Amino acid sequence: MTVETDGGDATVALSANGTTIAETAESQDTDAAADRDADAEKGAVTEDANDAEEALIEEGEIAGDYLEQLLDVLDFDGDIDLDVEGDRAVVSIDGGRDLSKLVGRRGEVLDALQELTRLAVQQATGVRSRLMLDVAGWRAKRREELSSLGEAAARRVLESGEPESLAAMTPFERKIVHDAVAEIDGVASESEGVEPNRHVVVLPS
């Protein structure tokens, strides 16, 4: 509708709720701009995520090529699988004979091989790699064992109220135990000692 001013020579168009058409249009423009900004932000986040995943896939491919050449030199057989888990590339070697030799005692050879592979990736990309390497499912099995160990220790401490020290472990092993203990209320864990004798202590929280 329209309303006349006191002078009778001007009109102002109103929308149904009493705001002017100009105000309504301005509000709609603002909403549309906000929507465009939100869409652009979502697009940027998606693009960043895609770029990060592509970078991890590239890491895995570089690591796979390096390990394939290494297996040939060492005369080992094995199938190389590439994957991405969270924020790291994961490379697994399975299906070959004598792969336990690439694991070593308590995974020492595997840890060294993983570090060599990370360095090979870094040399190719210029970026420090956090790639995880597993051989014959050793890390996956070890993760299950350590999770059970941490949970059992936590429940003993919860019942007794006394701290309990576990055996010396690698950083990879300690993290798994810490994660397992963190799942149980009433207990906590911390690392003590100096490498290679650094170990987890589970204690009441």
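Residues numbered from 1 in each chain as written. Predicted model: local features only at pLDDT ≥ 70, side-chain atom pairs only at ≥ 80, totals over all residues. Heavy atoms only, no water.

Taking an unreviewed UniProt entry as the reference, the protein chain is identified by name as SpoIIIJ-associated protein belonging to Nocardia transvalensis.

### Here's the deal with the sheet that holds strand S8 (residues 199-204)
With respect to topology, three strands assemble into an open sheet ordered S6-S8-S7, the strand pairing being antiparallel. Where the open sheet ends on each side, the last strands, each with one partner, are strand S6 (164-168) and strand S7 (187-192). When the angles between neighbouring strand axes are averaged without regard to direction, this sheet yields 20 degrees. Here S7 pairs with S8 via six bridges, running antiparallel. Across the sheet, Glu192 pairs through a bridge with His199, a residue of S8. Each of S6, S7 and S8 is contacted by helix H3 (residues 138-160), which is oriented at about 35 degrees to S8, the strand it contacts most. Sitting on the sheet, helix H4 (residues 171-182) is in contact with S6, S7 and S8, with an inclination near 165 degrees to S7. (Pairing = 2+ DSSP bridges. Helix = DSSP H or I, 4+ residues; strand = E, 2+ residues; numbered from the N terminus. Axes fitted to C-alpha atoms, helices over the stretch in contact; angles between N-to-C directions. Contact = heavy atoms within 4.5 Å.)

### Some words on the sheet that holds strand S5 (residues 132-135)
Judged by pairing direction, the sheet is mixed, and its three strands sit side by side in the order S3-S4-S5 without closing on themselves. With one partner strand each, in any of the chains shown, strand S3 (79-85) and S5 form the two edges of the open sheet. Mean inter-strand twist for the sheet, computed between neighbouring axes without regard to direction, equals 20 degrees. Bridging between S3 and strand S4 (residues 88-94) involves seven bridges; their strand directions are antiparallel. Note that in S4 the partner of Glu85 across the bridge is Arg88.

### A short note on a negative patch on the surface
A cluster of acidic residues, Glu58, Glu61, Asp65, Glu68, Asp72 and Asp75, forms a negative patch at the surface. Its place among the elements puts Glu61 in helix H1 (residues 21-74). Classification of Glu61 by relative accessible area gives partly exposed; the value is 44%. (Patch = residues over 30% accessible without salt bridge, like charges linked within 9 Å, V, L, I, M, F, W, Y side chains within 5 Å. Areas by Shrake-Rupley, 256 points an atom, 1.4 Å probe, with all protein chains shown as cover. Salt bridge = Lys/Arg side-chain N within 4 Å of Asp/Glu carboxyl O. Lys, Arg positive; Asp, Glu negative; His and termini not counted. Charge placed at Lys NZ, Arg CZ, Asp CG, Glu CD. Buried < 20%, exposed > 50% of the residue type's maximum accessible area, 1.4 Å probe, protein only.)

### Things to note about H3
The terminal C-alpha atoms of H3 lie 33 Å apart, and with 23 residues this matches the ideal 33 Å at 1.5 Å per residue to within 8%. Those residues of H3 that fall on the buried side of the exposure criterion are Arg139, Leu146, Gly150, Ala153, Ala154 and Val157. Contact partners of the buried residues in H3: helix H2 (108-125), S5, S6, H4, S7 and S8. Immediately downstream of H3, the backbone of Gly161 shows phi near 80 degrees, a positive value. (Expected span 1.5 Å × (residues − 1).)

### Let's talk about the packing of H3 against H4
At a minimum axis separation of 8 Å, H3 and H4 run at an interaxial angle of 45 degrees. Taken together, the axes of H3 and H4 lie oblique to each other. Relative to H4, the crossing made by H3 is right-handed. On H4, the residues touching Trp138, Arg139, Arg142, Arg143, Leu146, Ser147, Gly150, Glu151 and Ala154 of H3 are Phe172, Glu173, Ile176, Val177, Ala180 and Val181. (Parallel < 35°, antiparallel > 145°, perpendicular 65-115°, else oblique. Left-handed = near helix turned anticlockwise from the far one by under 90°.)

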